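# Structural features, examined
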Amino acid sequence: MVADSTLSRTLTGIAAGVPYLAIPPPDPAPTVPIVVALHAFEPPRSEAALAGTLPLLGLPAWRFYLGLPLFGHRLPKGGVSEVNRLGREDYLLQLYSPVVRQAAAELPLAVAELRRSFSLADAPLGLMGVGAGGAAVFLALIESDLPVGAVGVVNPVIDPTHVLSARERHLGVDYTWDDQSRDAAAGLDFTERADELASRGPDTPVLIVNGEHDEIIRPSHGRLLHDALSPHHQPHTLRHVVIPDLAHTLGPEPGLDPGPPTPGTVLTDRALTEWFHTHLIARPQAAP
């Protein structure tokens, strides 16, 4: 969890319609890098939970944790029950794909507003995502011109069919596929779209973190994405890390507040911190 001194310095607000929680660096100069992070559908499933679980301790940068559509402050009418209903009706078409696509589309707008609000026009940018948040980061890289200095994702949903298969195993109900759902899944399969992902920023450093005990997005899935991206990267700009004792979820239910630190989350936070320190601070990228 975030140390008490760090929690006392957090800020909250809305940027381009997106709720955020911000942790300022000790020296908030205009050129200090920023890292913008998106949470998961599973714990951590809020800005505060992600900030407490992966605070990037020791990184001298602004950290902005954004809320996903249909979560937290943006729950639909009917609240969690309505979100669950959408998932039961059609998890891919009614819930997963709309949330990931909206989060990806609004990310550049939120970043631009955060830059203006905090006078960070020249700050190098890093993107971080967990689970579905990682998928939204990948989609934003493909479909926007947002300049990014480094990317770090944890248990990213590389292909939504893995999540649907896990739901089938858990619920005992097969997902019904049709042309629309197959097209939606293909558009969010980032191993298949690796060439597009790489061509968007072949020099953008990417860290893929998988939990050793993740039974939904397995380490082998992360390795396949790494291998698909590797022809477009120098060895130092692409890395795949498997964290021992880390599952798909990074904390306990209900996932709205950070759980106690675990060896897996501590190692994950350390890997992300070192990655962003290397690629945003030691070798900062030019901002727009």
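As a starting point, this report considers the structure included with it. (Residues numbered from 1 in each chain as written. Predicted model: local features only at pLDDT ≥ 70, side-chain atom pairs only at ≥ 80, totals over all residues. Heavy atoms only, no water.)

On to the nonpolar core, then. Counting residues in each nonpolar core, the largest one holds 65 residues, and the members touching the most others are Phe41, Phe64, Leu66, Tyr96, Leu107 and Leu127. For this core, the element with the highest residue contribution is helix α3 (residues 79-117), accounting for 15 residues. Those residues in contact with Phe64 that lie beyond four places of it in its chain are Tyr20, Leu21, Ala22, Ile34, Val35, Val36, Ala37, Leu114, Phe118 and Leu120. Grouped together as the second largest cluster of nonpolar side chains are 26 residues, Leu54, Leu56, Tyr65 and Ala150 included. (Core = buried A, V, L, I, M, F, W, Y, C linked by side-chain atoms within 4.5 Å. Buried < 20%, exposed > 50% of the residue type's maximum accessible area, 1.4 Å probe, protein only. Helix = DSSP H or I, 4+ residues; strand = E, 2+ residues; numbered from the N terminus. Contact = heavy atoms within 4.5 Å.)

The subject of this paragraph is the pairing of strand β6 (residues 150-154). Within β6, 5 of the 5 residues are buried, which leaves it mostly tucked inside the rest of the structure. The alternating pattern of β6 places Ala150, Gly152 and Val154 and Val151 and Val153 on opposite faces, both of which are buried. The pairing of strand β5 (residues 125-130) with β6 spans 5 bridges and is classified as parallel. Counterpart to Val130 in the pairing with β6 is Val154. In this region the chain leaves β5, passes through helix α4 (residues 132-143) and returns to the parallel neighbour β6; the handedness of that crossover is right-handed. When β6 meets strand β7 (residues 206-211), the two strands line up parallel, connected through 4 bridges. In the strand pairing of β7, Val153 is matched with Ile208. (Pairing = 2+ DSSP bridges. Right-handed = clockwise from strand over helix to strand, strands pointing away.)

With that settled, consider the packing of aromatic side chains. Using the criterion set out here, one finds 11 aromatic pairs in the structure. When the ring of Phe138 is compared with that of Phe190, the centres are 5.4 Å apart and the planes differ by 55°; the resulting orientation is tilted. Here Phe138 is found in helix α4, whereas its partner Phe190 is found in the loop between α6 (179-187) and α7 (194-200), with 52 residues between them in sequence. Taken together, the aromatic side chains of Tyr20, Trp62, Phe64 and Phe118 make up a single cluster linked through ring pairs. (Phe/Tyr/Trp six-rings, centres within 6.5 Å; stacked < 30°, edge-to-face > 60°.)

On to unusual backbone geometry. Here the residue pair Pro43 and Pro44 is connected by a cis peptide bond, since its omega of 5° sits within 30 degrees of zero. Tracing the sequence through the fold places Pro44 in the loop between β3 (34-38) and α2 (47-53). You will see that Ser119, though not glycine, has its phi angle at about 55°, which is positive. By secondary structure assignment, the location of Ser119 is in the loop between α3 and β5. Positive phi, close to 45°, is recorded for Asn155, a residue that is not glycine.

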